[in-house]
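Listed here are the chains, written in short residue letters.
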Amino acid sequence: MVLALVVVGAVLALVVLGLLGFGVRRRLIQRLGGTFDCSARFRAPTAGQSLGKGWIYGVARYNGDRVEWFRVFSYAVRPRRALERDRIQVRERRQPQGEEELALLSGAVVLSCRHDGDDVELAMSEDALTGFLAWLEAAPPGQRVNVA
């Protein structure tokens, strides 16, 4: 009986520490400011696959001429992907369709982009989208801007 209580207590402590780790990591990411909730899909669904597949919930952070994207459910302190401002080409803006509405945060807008020849879809709130597009257009003089 005592052994069972010790094991349950240890498991509960590990769960609490794991959740605390997620919270501390998110605070470290947000510490520098310029963050916004941003789901991402780095591979378009194949024919016959649900539109809701492939979305990963994350947090994006502006860092100079880059947007760094972090998975929410990860302990990594480095960004999973970094998108360079002068290499982002916005192709279309649309509302989530079908099962995407369930996979994304409510009120999200999907931005279909191309970055270094790869298709990337970002889903964010209207306010975050306005800031993202303004950041793209605010490139220093002489850089090309690819906003459709």
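Look up a bit, the structure's there.
Residues numbered from 1 in each chain as written. Predicted model: local features only at pLDDT ≥ 70, side-chain atom pairs only at ≥ 80, totals over all residues. Heavy atoms only, no water.

I'd love a proper account of the pattern of salt bridges, names of residues and values included.
Taken as a whole, this structure holds twelve salt bridges when the rule is applied. Residues Arg 87 and Asp 116 are paired through a salt bridge, measuring 3.5 Å at the closest nitrogen-oxygen approach. One end of the pair, Arg 87, is in the loop between strand E5 (81-84) and strand E6 (88-94); the other, Asp 116, is in the loop between strand E7 (109-115) and strand E8 (118-124), and 29 residues separate them in sequence. Three or more residues joined by partner-sharing salt bridges are found here, namely Arg 41, Arg 94, Glu 100 and Glu 121. (Salt bridge = Lys/Arg side-chain N within 4 Å of Asp/Glu carboxyl O. Helix = DSSP H or I, 4+ residues; strand = E, 2+ residues; numbered from the N terminus.)

Describe the nonpolar core, and please don't skip the residues or the numbers.
One finds Ile 88, Leu 122, Met 124 and Phe 132 to be the most contacted residues of the largest nonpolar core, which totals 22 residues. Looking at this core element by element, the count peaks at six residues for helix H3 (residues 126-137). Look past the residues within four positions of Met 124 in its chain and what remains in contact with it is Phe 36, Asp 37, Cys 38, Gly 107, Ala 108, Val 109, Leu 129 and Phe 132. Membership of the second largest hydrophobic core comes to five residues, among which are Leu 104, Ala 108, Val 110 and Ala 123. (Core = buried A, V, L, I, M, F, W, Y, C linked by side-chain atoms within 4.5 Å. Buried < 20%, exposed > 50% of the residue type's maximum accessible area, 1.4 Å probe, protein only. Contact = heavy atoms within 4.5 Å.)

Account for the pairing of strand E3 (residues 58-63), with residues named and values stated.
Summarising the sheet, strand E1 (residues 35-37) and E3 pair through three bridges and their orientation is antiparallel. Counted as the bridge partner of Thr 35 is Arg 61 from E3. Taken together, E3 and the strand that follows it, strand E4 (residues 66-71), pair antiparallel across an intervening segment of two residues, in which Gly 64 is found at a positive phi of about 65 degrees. (Pairing = 2+ DSSP bridges.)

Honestly, that's just the spatial picture; any functional story needs more than this.
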